[in-house]
Amino acid sequence: MDTKTVAANALKLAITPDRPAERSLRKELTDLGIRSAAVDFGGEYISSISKAVEHAVVSAKREGVIGDTHSEEGAVAGAAHEALSQIMQKALGLNVGGKIAIVRSGEHVGVAVFFGIGLLHLNEIAVGLGHRVV
């Protein structure tokens with residue numbers, strides 16, 4: 001499977017509206033031999049970047065997307081950090097909330113974030129995407 005397909009599936013998973021839709025898509029991906037994980041996340045952007053990266057790595061390990069090697073953990077951490085950095089201009093000083101999705105096929109790992117950014121109900125939407133090869 002190529003980079004674009006992994007990235008597209010990470011985005012699809014990140015934008016699933018609820019847990020049943022997420023489970024359904026993850027089952028479809030599993031049937032295609034693609035491993036995936038997703039985790040809800042929220043908090044003040046700057047103070048929670050490292051926590052978001054950590055949640056992505058822990059979720060990927062828990063769901064069997066990656067193993068315990070430094071290279072696999074580093075690939076997810078790097079892709080998650082890249083995805084989060086893409087939304088930085090909109091998110092600085094504000095709260096974020098949404099989903100982080102991790103998808104892997106073969107050596108390709110894609111991480112997508114889909115966040116609402118803002119205060120109360122005055123939200124902007126942002127998407128970030130990172131990719132690494134293991």
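For the structure itself, consult the block above.
In short, a report on the structure. Fair warning: this is a prediction, and the values are worked out from it, not measured in the lab.

## Let's talk about the packing of aromatic side chains
Line of reasoning, step 1. Taken as a whole, this structure holds one aromatic pair when the rule is applied.
Line of reasoning, step 2. Residues Phe41 and Phe115 carry aromatic rings whose centres are separated by 6.5 Å and whose planes lie at 40° to one another, so their mutual orientation is tilted. Remark: Phe115 occurs in strand β3 (residues 108–119) and Phe41 occurs in strand β1 (residues 35–44); sequence separation between them is 74 residues. No difference in accessibility class separates Phe41 from Phe115, as the two residues are buried.

## Some details on a nonpolar patch on the surface
Line of reasoning, step 1. Together, Ile46, Met88 and Leu92 make up an exposed nonpolar region whose accessible area comes to about 260 Å².
Line of reasoning, step 2. Within the element layout of this structure, Ile46 appears in helix α3 (residues 45–62).

## Side note on the pattern of salt bridges
Line of reasoning, step 1. Counted under the stated rule, the structure contains eleven salt bridges.
Line of reasoning, step 2. Lys61 is paired through a salt bridge with Asp68; the nearest N and O atoms lie 3.4 Å apart.
Line of reasoning, step 3. Taking relative accessible area as the criterion, Lys61 reaches 32% and is therefore assigned partly exposed.
Line of reasoning, step 4. Residue classification places Asp68 among the exposed positions, given a relative accessible area of 64%.

## Some details on the nonpolar core
Side chains that are nonpolar tend, in soluble globular proteins, to be buried together.
Line of reasoning, step 1. Ranked by internal contacts, the top residues of the largest apolar core, which has 28 residues, are Tyr45, Val76, Leu84, Ile100, Ile102, Val111 and Phe115.
Line of reasoning, step 2. Taken together, the elements giving at least two residues each to this core come down to β1, α3, α4 (70–85), β2 (95–105) and β3.
Line of reasoning, step 3. Residue contributions to this core peak at seven residues, all from α3.
Line of reasoning, step 4. Beyond its immediate stretch of four places on either side in the chain, Ile100 contacts Ala37, Ala38, Val39, Phe41, Ala52, Ala56, Val111, Ala112, Val113 and Phe115.
Line of reasoning, step 5. Judged by nonpolar contacts, the second largest core, of eleven residues, contains Val6, Leu29, Val103 and Ala112.

## Some words on the environment of His121
Line of reasoning, step 1. Looking at where His121 falls in the secondary structure, it is placed in the loop between β3 and β4 (122–133).
Line of reasoning, step 2. Taking C-alpha positions, His121 is 39 Å from Met1, a pair spaced 120 residues apart along the chain.

## Quick notes on the packing of helix α1 (residues 3–14) against helix α2 (residues 19–31)
Line of reasoning, step 1. As a packed pair, α1 and α2 sit with axes 9 Å apart at the nearest point and diverge in direction by 160°. On the basis of the axis angle, α1 is roughly antiparallel to α2. Here α1 contributes Asn9, Lys12 and Leu13 to the contact with α2, which in turn contributes Glu22, Leu25, Arg26 and Leu29.
Line of reasoning, step 2. Residues of the contact of α1 with α2, tallied by class, amount to three nonpolar, one polar and three charged.

Definitions and cut-offs
- Residue positions are given per chain, counting from 1 as you read along its sequence in written order.
- Selection of residues for local features in this predicted model requires a pLDDT of at least 70, selection of side-chain atom pairs for listing and counting requires 80 or more, and totals for whole chains, interfaces and linings are taken over all residues.
- The basis for every side-chain value is the complete set of non-hydrogen atoms in the structure, without hydrogens or water.
- Centres within 6.5 Å are what make two rings of Phe, Tyr or Trp a pair, Trp counting through its six-membered ring; a difference in plane orientation under 30 degrees is then read as stacked, over 60 as edge-to-face, and the rest as tilted.
- The helix count covers DSSP runs of H or I at least four residues long, the strand count covers runs of E at least two residues long, and both are numbered beginning at the N terminus.
- Per-residue accessibility, obtained with a 1.4 Å probe over protein chains only, is compared with the maximum for each type, and a residue is labelled buried under 20%, exposed over 50%, and partly exposed between these values.
- Each patch is built from salt-bridge-free residues with over 30% relative accessible area, joining like charges within 9 Å and nonpolar side chains (Val, Leu, Ile, Met, Phe, Trp, Tyr) within 5 Å.
- All accessible areas in this document rest on Shrake-Rupley with a 1.4 Å probe, and a residue is counted as covered only by the protein chains that are shown.
- Salt bridge, as used here: a side-chain nitrogen of Lys or Arg that lies within 4 Å of a carboxyl oxygen of Asp or Glu.
- Nonpolar cores were defined as sets of buried Ala, Val, Leu, Ile, Met, Phe, Trp, Tyr and Cys residues, with membership established by side-chain atoms within 4.5 Å.
- Two residues qualify as a contact provided that any one of their heavy atoms is within 4.5 Å of a heavy atom in the partner residue.
- What counts as an axis is a line fitted to C-alpha atoms, over the stretch in contact for a helix, and the angles between N-to-C directions run from 0 to 180 degrees.
- By definition in this entry, angles of less than 35 degrees are roughly parallel, angles greater than 145 are roughly antiparallel, angles of 65 to 115 are roughly perpendicular, and the rest are oblique.
- Three categories are distinguished: nonpolar for Ala, Val, Leu, Ile, Met, Phe, Trp, Tyr, Cys and Pro, charged for Asp, Glu, Lys and Arg, and polar for the others, with Gly belonging to the last.

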